[in-house]
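Each chain is listed here by its residues.
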Amino acid sequence: MVALSVLDLVPVREGGTLAQAYDAAVTLAQTAEKAGYKRFWVAEHHAMEGIAGGATSVVLAHIGNATSSIRIGSGGIMLPNHNPFVIAEQFGTLDALFPGRVDCGLGRAPGADGRIQAAFRKNLQQAAEMFPNDVMELRALVTGDVDLPLRATPGLGADIEFWMLGSSLFGAQLAAKLGMPYAFAAHFAPAHLDAALELYRRDFEPSQWLEKPHVMVAMNVFTADSEADAVLAASSQQQSFVRLRTGEPGKLPPPIPDYLDSLPAQARAMLDHVGQAAAVGTPAQVRQTIHAFVERTQADEIIVAGASYDPDFRVRSLEMTIDAIAN
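Quick caveat, the model's predicted, so the values are computed rather than measured. (Residues numbered from 1 in each chain as written. Predicted model: local features only at pLDDT ≥ 70, side-chain atom pairs only at ≥ 80, totals over all residues. Heavy atoms only, no water.)

Participant: Mind showing me how you'd approach the overall build of the protein here?
Facilitator: Along its length, the protein carries 12 helices and 9 strands. For 327 residues, the compact-globule formula gives about 20 Å, and the C-alpha radius of gyration of the protein, at 19 Å, lands near that figure. Its C-alpha atoms put the protein at 60 × 40 × 40 Å along the principal axes. In the protein, buried positions account for 50% of the 327 residues. (Helix = DSSP H or I, 4+ residues; strand = E, 2+ residues; numbered from the N terminus. Rg over C-alpha atoms; globule rule 2.2 N^0.38 Å. Buried < 20%, exposed > 50% of the residue type's maximum accessible area, 1.4 Å probe, protein only.)

What follows is the structure, encoded as structure tokens:
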């Protein structure tokens, strides 16, 4: 059975609060741990009222404190937004609190507009160009393999599993060069999936941390007793995606029956494209779709995304998904 993990954006529902979003994330992580998922990752986003994971390391500490064995990590930290030293301290702290359980997934895209850039007091475009150097510096701050003028305390000697994230060929190439495991964001950007995985595996250079290529791919997954229930639940995230791509982001909206049928052709085509990496339906349908996706990608792990307006739906969806894959 392919290993399954969970990616959570810590969604804030329309009519809901931040506190409710963090409580739901904890419940979801506890469910994932009990069900046998390998990792629980939180993604960094900023100034988006519908996503509560901006202070990623703080959210991970909250989740780590409520769980005991599941790996916790970032999916990911957008390193151009930060400096490597601070991230080494943050994730070194997490490792001290939750030893042997911490992943640090790193992304290059700053994911921020001009307002965020001004708030960060950084030129994020220039920072993105420094991304490969910053990744190596961050790793050196933790491993001590390079003699740096300043030690990260906490950080130095921490047992952190570093991952490269990506949705293009750049991340695949860098992950291969640095001998890192690679996670591809097919759940929102599947266009370069096959080419990126081929490049990563072809050019992979073994490192002291990883002997052979290791791939995780993200999918949106909604599993329910009926296909209609799964399709309805998925419509909340689909609405959010369309709103984001059309410049009108907001909190996670309630589901809408027959949502896809109401869309103009351009928006429907956009969702159909993203749907390449989605499994929506009954346990049998989801099992078949995920198995086909694993056969296509030869992924070592699948990380399951998919925000639902009803937090209880996603809890049940996680349980049904892993049961379906195991059977």
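Participant: Sorry if this is basic, but what is going on with the packing of helix α6 (residues 131-143) against helix α7 (residues 169-178) here?
Facilitator: The geometry of a pair of packed helices is captured by two quantities: the angle between their axes and the separation between those axes. At a minimum axis distance of 12 Å, the contact between α6 and α7 shows a crossing angle of 40°. As the angle between them shows, α6 and α7 are arranged oblique. The two elements α6 and α7 meet at a crossing, and its hand is right-handed. Between α6, through Phe131, Pro132, Val135, Met136 and Arg139, and α7, the contact on the second element is made entirely by Phe170, Leu174 and Leu178. Residues belonging to the contact of α6 with α7 are distributed by class as follows: 7 nonpolar, no polar and 1 charged. (Axes fitted to C-alpha atoms, helices over the stretch in contact; angles between N-to-C directions. Parallel < 35°, antiparallel > 145°, perpendicular 65-115°, else oblique. Left-handed = near helix turned anticlockwise from the far one by under 90°. Contact = heavy atoms within 4.5 Å. Nonpolar A, V, L, I, M, F, W, Y, C, P; charged D, E, K, R; others polar.)

Participant: What is the right way to read the environment of Thr321 from this model?
Facilitator: Counting through the fold element by element, Thr321 comes out in helix α12 (residues 311-326). Residues Thr321 and Leu4 lie 317 residues apart in sequence; the distance between their C-alpha atoms is 9.3 Å. Beyond its immediate chain neighbours, meaning those up to four positions away, Thr321 contacts Leu4, Tyr37, Val221, Thr223, Val286 and Ile290.

Participant: Just to check I follow, could you spell out the nonpolar core for this structure?
Facilitator: Here is a general trend for soluble globular proteins: nonpolar side chains tend to be buried in one another's company. Core analysis: the biggest nonpolar cluster contains 72 residues, and Tyr37, Phe40, Phe91, Tyr182, Tyr200, Val217 and Ile302 have the highest contact counts within it. Excluding anything up to four places from it in sequence, Tyr37 contacts Leu4, Ser5, Val6, Ala32, Ile70, Val304, Leu318, Thr321 and Ile322. By size, the runner-up hydrophobic cluster in this structure holds 10 residues, among which are Trp41, Ala43, Met216 and Ala305. (Core = buried A, V, L, I, M, F, W, Y, C linked by side-chain atoms within 4.5 Å.)

Participant: Is there a simple way to think about the packing of aromatic side chains in this case?
Facilitator: Each aromatic ring pair is characterised by the separation of its centres together with the angle its planes make. Tallied over the entire structure, the rule returns 4 aromatic pairs. Ring centres of Tyr182 and Phe184 lie 6.3 Å apart, and the angle between their planes is 70°; this geometry places the pair in the edge-to-face category. With a relative accessible area of 1%, Phe184 lands in the buried category. Of the aromatic side chains, those joined through ring pairs into one cluster are Tyr182, Phe184, Tyr200 and Phe204. (Phe/Tyr/Trp six-rings, centres within 6.5 Å; stacked < 30°, edge-to-face > 60°.)

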